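Remarks on the overall topology
Chain residues, written in single-letter form:
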Amino acid sequence: MIEEAESTDRLSGALEAVAQATGAVVSLYEGRGARVLGPFHAHPLGGLLAESKAWSAGGWAWNIESDLVGRALARQARVDTVTAPGLAVAAIPAVGLSGTRLVSVFGWSPQRFPSEHAATLLAGVLGRETVTVWRVFRSTKAITPDLFDRYCQLVDTLVGTSVRNDEARVELVRLMQMREVLLAKVSHELRSPLSAISLRADALALGVEADEERRRSHIGSIKRNVAEMSRLVEDLLESGRSQTGLFSVSKSLVDPLSPLTAAIEAALPQARVRGISLNTFIPEALKEGRLFIHADADRVQQIYSNVFGNALKFNVKNTKALFYSGDQNAAFSADGWSGTVSFWLSLDPATDLEPGFCDPIQVTDSAYNDSAIWVDFTKDNPRQFRLGVFGEKDAWDPDGTGGGDSPKFLDRLVIVEQPPFATGKWTHVAIVYEGLSAGAGKATLYLDGEPQGTSEGISEPFAWDMSTATI
């Protein structure tokens, strides 16, 4: 992830300084168990281990660190060991709000002056001569258990602070995005009453309405839309109050036709400008005033206004979707299954798709992030083509932080930055999945027979209800 890369870049110099100051060895692993920094060492013992390829894949030190990191990730707590030659090593997880992001490994240092026997043991595992190891041992300063523990706390503070700073930056970006969304919604909500006021005022100013009753109607409409704008401003204030538990709802017996009529009247000018007709069907019970609801009239009108406003805003050309029953067209086993989804596309994503996300295919009984297999085009040009395979949401996102723009969600996708789609050219798309719902599933995306990437480690179960699953 981008945040982890930034963390490791900043930590590189700091961890190297720790190794220099303490005489120990320091490494850094990411949350999936792969080493991303180190081992940093500045004293002969670390150099001897490095020369002997102890940290190479499958090497003696590599195996020990991998085991420690795995146990630290599982326990979400520090794990220590003392190797047979008497070298102390600790794995220290940096746990943030979203779980463990980084794990530090500190040590490879004796806790007391080593013996010749310890030198013989280390020489055996490294494949070096005992005299060479003993010479290095004699020049190595021991780190007492108490001092070792304090050094581990220092590393924990250093890496943990970096992780939490990264999370704070991500949260700040999220809040800024929420602010932009809020501003966009506010401008959208204000546009309808402003359009109504403007059109009615223009009609009055130009004197196009000679009929006194029509003029009074325009003036009444302006007043109602001014009141609507005042309500929207009050809603913004209420939104702030809701954060402190002071949000209020004023309920009374309401004729549901009144807020509906007000919302329709406010939307009519904008609809006329767009060449859209608003048609309503009102049941006789409402017309005759025989039905009342216990509600907040302003909130009800806001709901209607949101529906009409969105309908007028998103009046793009009609799109068609085909739905097939999953029960008769998709194989599935809750204990694990494999398969392939194959289809062809001929389009230019930049010119042939409407704005917004577009899913050529999605298989699910719930949602895109809950027991689903899909591919999509992202909403903005240049569009990416993505593969997503998700089991039960409660299993892969138990804390509810895996939104569509979160690292937890995006890290699971196969993303093609420059897909080969074009108008007049048929491109073959294949999704090959193996072992889903069996604890170690994976899925690979192919375009024209070429693999584009694989989503691995899909460990969560799938719980499709095939009677409601659709393709």
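To be clear, the structure that these remarks concern was listed above.
Summary of the structure given here.

Calculation criteria
Residues numbered from 1 in each chain as written. Predicted model: local features only at pLDDT ≥ 70, side-chain atom pairs only at ≥ 80, totals over all residues. Heavy atoms only, no water. Helix = DSSP H or I, 4+ residues; strand = E, 2+ residues; numbered from the N terminus. Buried < 20%, exposed > 50% of the residue type's maximum accessible area, 1.4 Å probe, protein only. Areas by Shrake-Rupley, 256 points an atom, 1.4 Å probe, with all protein chains shown as cover. Phe/Tyr/Trp six-rings, centres within 6.5 Å; stacked < 30°, edge-to-face > 60°. Lys NZ or Arg CZ within 6 Å of the ring centre and 35° of its normal. Pairing = 2+ DSSP bridges. Axes fitted to C-alpha atoms, helices over the stretch in contact; angles between N-to-C directions. Salt bridge = Lys/Arg side-chain N within 4 Å of Asp/Glu carboxyl O. Core = buried A, V, L, I, M, F, W, Y, C linked by side-chain atoms within 4.5 Å.

This next bit is on the overall build of the chain. Broken down by element type, the chain carries 14 helices and 15 strands. Here the chain holds 471 residues, and 38% of them are scored as buried. Surface summary for the chain: the accessible area is close to 25,400 Å², and the carbon and sulfur share equals 55%.

What follows is about the packing of aromatic side chains. Per the counting criterion, the structure on display carries 19 aromatic pairs. Pairing Trp396 with Phe409 gives two aromatic rings, centres 6.5 Å apart and planes at 45°, and the pair type is tilted. Remark: Phe409 occurs in helix 14 (residues 407–410) and Trp396 occurs in helix 13 (residues 393–396); sequence separation between them is 13 residues. Just as Trp396 is buried, Phe409 falls in that class too. Pairwise contacts between aromatic rings join Phe332, Trp337, Tyr433, Phe462 and Trp464 into one cluster. The side chain of Lys393 reaches across the aromatic face of Trp396, ending 6.0 Å from its centre.

With that out of the way, let us pick up the sheet that holds strand 10 (residues 370–377). Strand order in the open sheet formed by 4 strands is 9-10-11-12, and the pairing between neighbours is antiparallel. Each end of this open sheet is capped by a strand with a single partner; those strands are strand 9 (358–367) and strand 12 (414–416). For this sheet the average axis-to-axis angle between neighbouring strands, irrespective of direction, equals 5°. Bridging between strand 9 and strand 10 involves 6 bridges; their strand directions are antiparallel. Following the sheet pairing, Cys358 is matched in strand 10 by Phe377.

Before going further, it helps to examine the sheet that holds strand 14 (residues 441–447). Read across the open sheet, the 4 strands follow the order 8-13-14-15; overall the sheet is antiparallel. Unpaired on one side and paired on the other, strand 8 (337–345) and strand 15 (450–458) mark the two borders of the sheet. On average, adjacent strands in this sheet sit at an angle of 10° to one another, irrespective of strand direction.

Within the structure shown, the criterion is met by 12 salt bridges. For Lys408, the salt bridge is made with Asp399, and the minimal N-O distance between the two is 2.6 Å. Judged by its relative accessible area of 40%, Asp399 is partly exposed. Arg412 serves as the salt-bridge partner of Glu460, at 2.3 Å between the closest nitrogen and oxygen. One end of the pair, Glu460, is in the segment after strand 15; the other, Arg412, is in the loop between helix 14 and strand 12, with 48 residues separating them in the sequence. The pair formed by Glu460 and Arg412 is uniform in burial state, with each residue classed as buried. Because the salt bridges share partners, they merge into one network encompassing Lys393, Asp397, Asp399 and Lys408.

The set of residues buried in helix 2 (residues 44–51) consists of Leu45, Gly46, Gly47, Leu48 and Leu49. Where helix 2 terminates, the next one or two residues include Lys53, which has phi positive at roughly 60°.

This brings us to the nonpolar core. If you look at the biggest cluster of nonpolar residues, it comprises 29 residues, and the most contacted ones within it are Phe385 and Leu445. For this core, the elements supplying multiple residues, two or more each, are strand 8, strand 9, strand 10, strand 11 (385–390), strand 12, strand 13 (427–436) and strand 14.

The analysis is restricted to geometry; functional conclusions fall outside its scope.
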